[in-house]
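Each chain, written out:
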Amino acid sequence: MRADTVERFRHACDVLLRWVLRVGGRQTTEPVLGFLEDPLCSFAGDPLSEDEVLGALDYLAEHDLAIRTIADAGVMAAITSQGTRCVLSGGTVNDHLNRQSTGGDTYNISNAHGFVAGAQQHVVQNNSFGLDASKLAEFAQQVRQFAPSLGLSEEEQGQLILDAEVLEEATSTEAPEPGRVRTAFDRLNTTLTAIGTASPGLTMLVGAGQSAFQAVFGA
């Protein structure tokens, strides 16, 4: 898996964009090679190279997700408003770009009983078959609460809290989208299980996450 250049590139784009938002925020530019020191700058346990990181930044810049500039500190990166939306959506860069290229109205319908879809006027639609993602929202809040007590580095803690916020946002909408919720949970769970230092708090959170996922999706 480590030798799969396509998957490595896909992953590099995802984690780099999230790092730019987490470290630089929405207003600050950051030396992109600083990402090489981040614990999450890896794929399947294998560190990403400088060329892979720079290539990912070029791709993000081509699609208006990030801004690439040159300064005395080297190659700099800043996130765009579109890049911020991509990260907060809980999906991947590829998901975000696919949604853009498709255009129009997208309707994700699960267990529908008599629905109306499309740009129609004067339609009243009452649907009581939504996804109850409250348990995963509670789990996300738990992670944010316990993150400072897990003994993580500043970068690891920041990534964990960002992932928890993305899941909380995905589960707190009026009609949570199952695919988006699953993607956000998978990201948070991956970040949790990648923490190398075991602790009772970490074990509790991993177990709580699995219990919440089963309560929402039943598997």
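Here the structure is shown first, and the text comes after it.
Each value, and the rule that gives it
- Residues numbered from 1 in each chain as written.
- Predicted model: local features only at pLDDT ≥ 70, side-chain atom pairs only at ≥ 80, totals over all residues.
- Heavy atoms only, no water.
- Helix = DSSP H or I, 4+ residues; strand = E, 2+ residues; numbered from the N terminus.
- Expected span 1.5 Å × (residues − 1).
- Buried < 20%, exposed > 50% of the residue type's maximum accessible area, 1.4 Å probe, protein only.
- Arc of directions from axis to C-beta.
- Contact = heavy atoms within 4.5 Å.
- Phe/Tyr/Trp six-rings, centres within 6.5 Å; stacked < 30°, edge-to-face > 60°.
- Lys NZ or Arg CZ within 6 Å of the ring centre and 35° of its normal.

(A) Structural context of helix α8 (residues 200-217). With 18 residues, α8 extends 26 Å between its outermost C-alpha atoms, agreeing within 8% with the 26 Å of an ideal straight helix rising 1.5 Å per residue. Listing the buried residues of α8 in full gives Leu202, Leu205, Ala208, Gly209, Ala212, Phe213, Val216 and Phe217. For α8, the buried positions fall inside an angular range of 140° around the axis, keeping them on one side. In α8, the exposed residues that point more than 90 degrees away from the buried face are Pro200, Thr203 and Ala215. In the core, the buried residues of α8 are packed alongside α5 (134-146) and α7 (178-193).

(B) Examining the packing of aromatic side chains more closely. Scanning the model with the defined rule gives five aromatic pairs in all. The interplanar angle of 75° and the centroid separation of 5.4 Å between the aromatic rings of Phe9 and Tyr59 together place this pair among those described as edge-to-face. Residue Phe9 is located in helix α1 (residues 5-24), and its partner Tyr59 is located in helix α2 (residues 50-62); the two are separated by 50 residues in the primary sequence. Seen from their ring centres, Trp19 and Phe35 are 5.4 Å apart, and the 45° between their planes marks the pair as tilted. Linking Trp19 in helix α1 with Phe35 in the loop between β1 (30-31) and β2 (42-43), this pair joins segments that are 16 residues apart in sequence. The same class applies to Trp19 as to Phe35, namely buried. Put simply, the rings of Phe139, Phe185, Phe213 and Phe217 touch in pairs and so form one group of aromatic residues. Across the ring face of Phe217, the terminal group of Arg182 is positioned such that the distance to the ring centre comes to 4.1 Å.

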